[in-house]
Amino acid sequence: MVAHEIRQDPQAARYPRRYAGIRPRNQRIGRPLRAYARIGAVDEELLDRIGRRMFARDEVGADLVHAMRRPRTDAERVSMAQFHRALEHGIDAVPDAPEALRQFFSVVDDVPEWVDFDLLEKGARAFRRMGRSRIDVLLQLSLIGGYRFGGPPDLLVETGGLTGSTAMRRLGETQKWGTAVGEPGGMRRNGEGFKLTVHVRAMHALINHQFETNGRWDVERWGLPINQTDQAATLGLFNGTLLLGMRALGYYVTREESRAVMHLWKYVGWLMGIDEDWLFDTEREQHVFNYHVLLVQDDVTPAGAALSGALVEGQRTLDYGRFGDVRGRYERQRLLSMLRYFLGTQSLRELDLPVTSAWAVPTVMVKNVVASTVVARTRTGRRFLERAGDRAARRELASKFGASRPAVGALPG
């Protein structure tokens, strides 16, 4: 399924203004990725599709939201209560369900033929075995690394929440979602990962509708608030970028693990409403796509610096229990150290972040080498790493939410 382009006016710009990008800067940032994935000539046709789909939305989600905005007296209006009931118990649990709600769930409940649930479970186990380093890569390289480019960070700022506690709660909501995706059975119909993914899809459609209609979002500059290109690029942060970052931290990812992790997130992307031709089976396909998306990104904006600073300083606000103040200062310095390793001095300065040495990385690398090449060689060792990964994820969530259950948040931009 491929989203329809929304621009029909022949006088309208083919791409948003951000598409012009800062090519020399982006080529510099993407140089390691291009070398690692052995990317040759730039695919101009792919660049064209990337630009055009900045004006394309998830139409299935949009139809659902239009039905949610109908008058209360309209029999075809969809309420949030109906949506949540269908999500939790299935569409048949909603008496006289409106057509738009039935259509939405007919899509997400229809499992594609290519989905292999055994391979999904292997991907989930591999995801859990990566432990704290998985959390590090997704925060440092995927999330904060993505703040170096205008657009999605600006939307996050528009939706509010730049204070330390709010920024950390948003991070925790995303981590809760990622953890649920990797739980045993998480992507089955009744799994928490499935339900949170579908919920996020609906929330994205609501945000798109809100910002398309309230005039607060510069569509001509950025494209649609949550568009197909940005969604596909965000998905690439959870699979290809994650695997690349794990290797950079010394973790040996086998071919089987790579294939399984890619399959796990391919299904997540399908549930999110991402165009199917941008859901990839292999790392290299994803890296090629990620590199082309990178080439057409805009420069860093004040939003990226504000969000990055909030996440760095927010490390001191988390609940670490005993000796919390000391631990908070340590975690802040550790984050800055690893950001130096992943992003480099120039990117840190662009984000107005302090520049320090990468002192924390060698220890992380040694642990990952031992875990992935020694401990993971046996079934018992792999199960040990999975349990350790579960504990690391729970500790991360507890530091942000305590005993409370986090709400569902949007994917990071």
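Residues numbered from 1 in each chain as written. Predicted model: local features only at pLDDT ≥ 70, side-chain atom pairs only at ≥ 80, totals over all residues. Heavy atoms only, no water.

S.K.: Mind showing me how you'd approach the overall build of the chain here?
M.R.: Within the chain, the secondary structure is distributed over 19 helices and zero strands. For 413 residues, the compact-globule formula gives about 22 Å, and the C-alpha radius of gyration of the chain, at 21 Å, lands near that figure. Overall, the chain is about 60 × 45 × 40 Å in size when its C-alpha atoms are taken along their principal axes. At a minimum sequence separation of 6, the contacts of the chain that also span at least 24 residues come to 77%. Total accessible area on the chain stands at roughly 18,200 Å², and carbon and sulfur atoms take up 51% of it. Computing the positive centroid from 60 side-chain charges and the negative centroid from 50, the chain places the two 8 Å apart. (Helix = DSSP H or I, 4+ residues; strand = E, 2+ residues; numbered from the N terminus. Rg over C-alpha atoms; globule rule 2.2 N^0.38 Å. Contact = heavy atoms within 4.5 Å. Areas by Shrake-Rupley, 256 points an atom, 1.4 Å probe, with all protein chains shown as cover. Lys, Arg positive; Asp, Glu negative; His and termini not counted. Charge placed at Lys NZ, Arg CZ, Asp CG, Glu CD.)

S.K.: Help me out: how do you make sense of the environment of Ile50 in this one?
M.R.: Looking at the element boundaries, Ile50 is found in helix α2 (residues 44–52). Taking the C-alpha atoms as reference points, Ile50 and Arg216, separated by 166 residues in sequence, lie 24 Å from one another. When neighbours within four sequence positions are excluded, Ile50 is seen to be in contact with Thr229, Trp278, Phe289, His292, Val293 and Val296.

S.K.: Honestly, unusual backbone geometry in this entry has me stumped. Any pointers?
M.R.: Only a minority of non-glycine residues have a phi that is not negative, and only a minority of peptide bonds are not trans. Its identity as a non-glycine residue notwithstanding, Arg38 has a phi of 55°, on the positive side. Its place among the elements puts Arg38 in the loop between α1 (23–36) and α2. We note that Asp96 has phi near 50°; this positive angle belongs to a residue other than glycine. Of note, Asp96 is situated in the loop between α4 (80–89) and α5 (99–108).

S.K.: Honestly, helix α3 (residues 59–68) in this entry has me stumped. Any pointers?
M.R.: Counted residue by residue, α3 has seven buried out of ten residues, so it is predominantly covered. Looking at the buried residues of α3, the elements they touch are α4, α5 and α10 (192–213). Residue Asp58 occupies the N-cap position of α3, its side-chain oxygen lying 3.3 Å from the main-chain nitrogen of Val60. (Buried < 20%, exposed > 50% of the residue type's maximum accessible area, 1.4 Å probe, protein only. Polar contact = N/O pair within 3.5 Å; in protein donor to acceptor, adjacent residues only side chain to side chain.)

S.K.: In this structure, what is going on with the pattern of salt bridges? I would like to understand it.
M.R.: Oppositely charged side chains can form a pair if their charged atoms are brought close together. According to the stated counting rule, one finds 33 salt bridges in the structure shown. A salt bridge links Arg169 to Glu173; the nearest nitrogen and oxygen atoms lie 3.8 Å apart. One end of the pair, Arg169, and the other, Glu173, are both in helix α9 (residues 164–181), four residues apart, so they sit about a helical turn from each other. Assessed through its relative accessible area of 32%, Arg169 is described here as partly exposed. Glu283 is paired through a salt bridge with Arg247; the nearest N and O atoms lie 2.8 Å apart. One end of the pair, Glu283, is in helix α15 (residues 283–295); the other, Arg247, is in helix α13 (residues 240–248), and 36 residues separate them in sequence. The class for Glu283 is buried, based on a relative accessible area of 9%. (Salt bridge = Lys/Arg side-chain N within 4 Å of Asp/Glu carboxyl O.)

S.K.: So what exactly am I meant to see when it comes to the packing of aromatic side chains here?
M.R.: Remark: the centre distance and the inter-plane angle together describe each pair of aromatic rings, the angle taken between the planes. In the structure shown here, the tally under the stated rule is 15 aromatic pairs. Relative to Trp265, the ring of Phe127 has its centre 5.7 Å away and its plane inclined at 65°; by these criteria the two rings are edge-to-face. On the criterion of sequence distance, the pair formed by Phe127 in helix α6 (residues 117–129) and Trp265 in helix α14 (residues 255–271) is long-range, its members being 138 residues apart. Of the two residues, Phe127 and Trp265, neither departs from the other in class, the shared state being buried. What links up through ring pairs into an aromatic cluster is the set Phe127, Trp177, Phe238 and Trp265. Between the NZ or CZ atom of Arg134 and the centre of the ring of Phe127, over which it lies, the distance is 4.4 Å. The ring of Phe117 has Arg188 sitting right over it, with the charged end atom 4.0 Å from the ring centre. (Phe/Tyr/Trp six-rings, centres within 6.5 Å; stacked < 30°, edge-to-face > 60°. Lys NZ or Arg CZ within 6 Å of the ring centre and 35° of its normal.)

S.K.: What is the right way to read the packing of helix α7 (residues 131–146) against helix α19 (residues 379–401) from this model?
M.R.: The description of two packed helices rests on the angle between their axes and on the distance between the axes. For the pair α7 and α19, interaxial distance at closest approach is 7 Å and the crossing angle is 45°. Classed by the angle they form, the pair α7 and α19 counts as oblique. Between α7 and α19, the contacting residues are Gly131, Arg132, Arg134 and Ile135 on the first element and Gly389, Ala392, Ala393 and Glu396 on the second. Taken together, the residues of the contact of α7 with α19 sort by class into three nonpolar, two polar and three charged. (Axes fitted to C-alpha atoms, helices over the stretch in contact; angles between N-to-C directions. Parallel < 35°, antiparallel > 145°, perpendicular 65-115°, else oblique. Nonpolar A, V, L, I, M, F, W, Y, C, P; charged D, E, K, R; others polar.)

S.K.: How do you make sense of the packing of α7 against helix α17 (residues 324–350) when you look at a structure like this?
M.R.: Here α7 crosses α17 at 65°, and the two axes come no closer than 10 Å. Of the two possible hands of crossing, α7 and α17 adopt the one that is right-handed. Every residue of α17 that contacts α7 at Arg132, Asp136, Val137, Leu139, Gln140, Leu141, Ile144 and Gly145 is listed here: Arg327, Glu331, Arg334, Leu335, Met338, Leu339, Phe342 and Leu343. Counted by class, the contact of α7 with α17 contains nine nonpolar, two polar and five charged residues. (Left-handed = near helix turned anticlockwise from the far one by under 90°.)

S.K.: Would you mind going over a positive patch on the surface with me for this structure?
M.R.: There is a patch of like positive charges on the surface, built from Lys122, Arg125, Arg259, Arg379, Arg383, Arg387, Arg391, Arg394 and Arg395. The biggest single contributor to the positive patch is α19, with six residues. Positionally, Arg383 belongs in helix α19. (Patch = residues over 30% accessible without salt bridge, like charges linked within 9 Å, V, L, I, M, F, W, Y side chains within 5 Å.)

S.K.: Mind showing me how you'd approach α5 here?
M.R.: An α-helix turns once every 3.6 residues. As a result, residues three or four positions apart point the same way. Among the residues of α5, Ala100, Leu101, Phe104, Phe105, Val107 and Val108 are the ones counted as buried. The buried residues of α5 occupy an angular sector of 155° when the element is viewed end-on, so they sit on one face. Those residues of α5 that are buried lie in contact with α3, α4, α10 and α14. (Arc of directions from axis to C-beta.)

S.K.: Quick question: what am I supposed to make of a nonpolar patch on the surface here?
M.R.: Together, Val366, Val370 and Val374 make up an exposed nonpolar region whose accessible area comes to about 260 Å². Mapped onto the elements of the fold, Val370 is located in helix α18 (residues 361–373).

S.K.: Explain the nonpolar core to me, please; I cannot follow it from the model alone.
M.R.: Soluble globular proteins tend to pack their nonpolar side chains together in the buried interior. Among the nonpolar cores identified, the biggest contains 95 residues, and Phe83, Leu101, Phe105, Val198, Trp265 and Leu311 are the most heavily contacted of them. Residues in contact with Trp265, not counting those within four places in the same chain, are Phe127, Trp177, Val181, Leu235, Phe238 and Asn239. Formed by nine residues, the second largest nonpolar core is a distinct cluster that contains Phe55, Leu155, Leu224 and Ile226. (Core = buried A, V, L, I, M, F, W, Y, C linked by side-chain atoms within 4.5 Å.)

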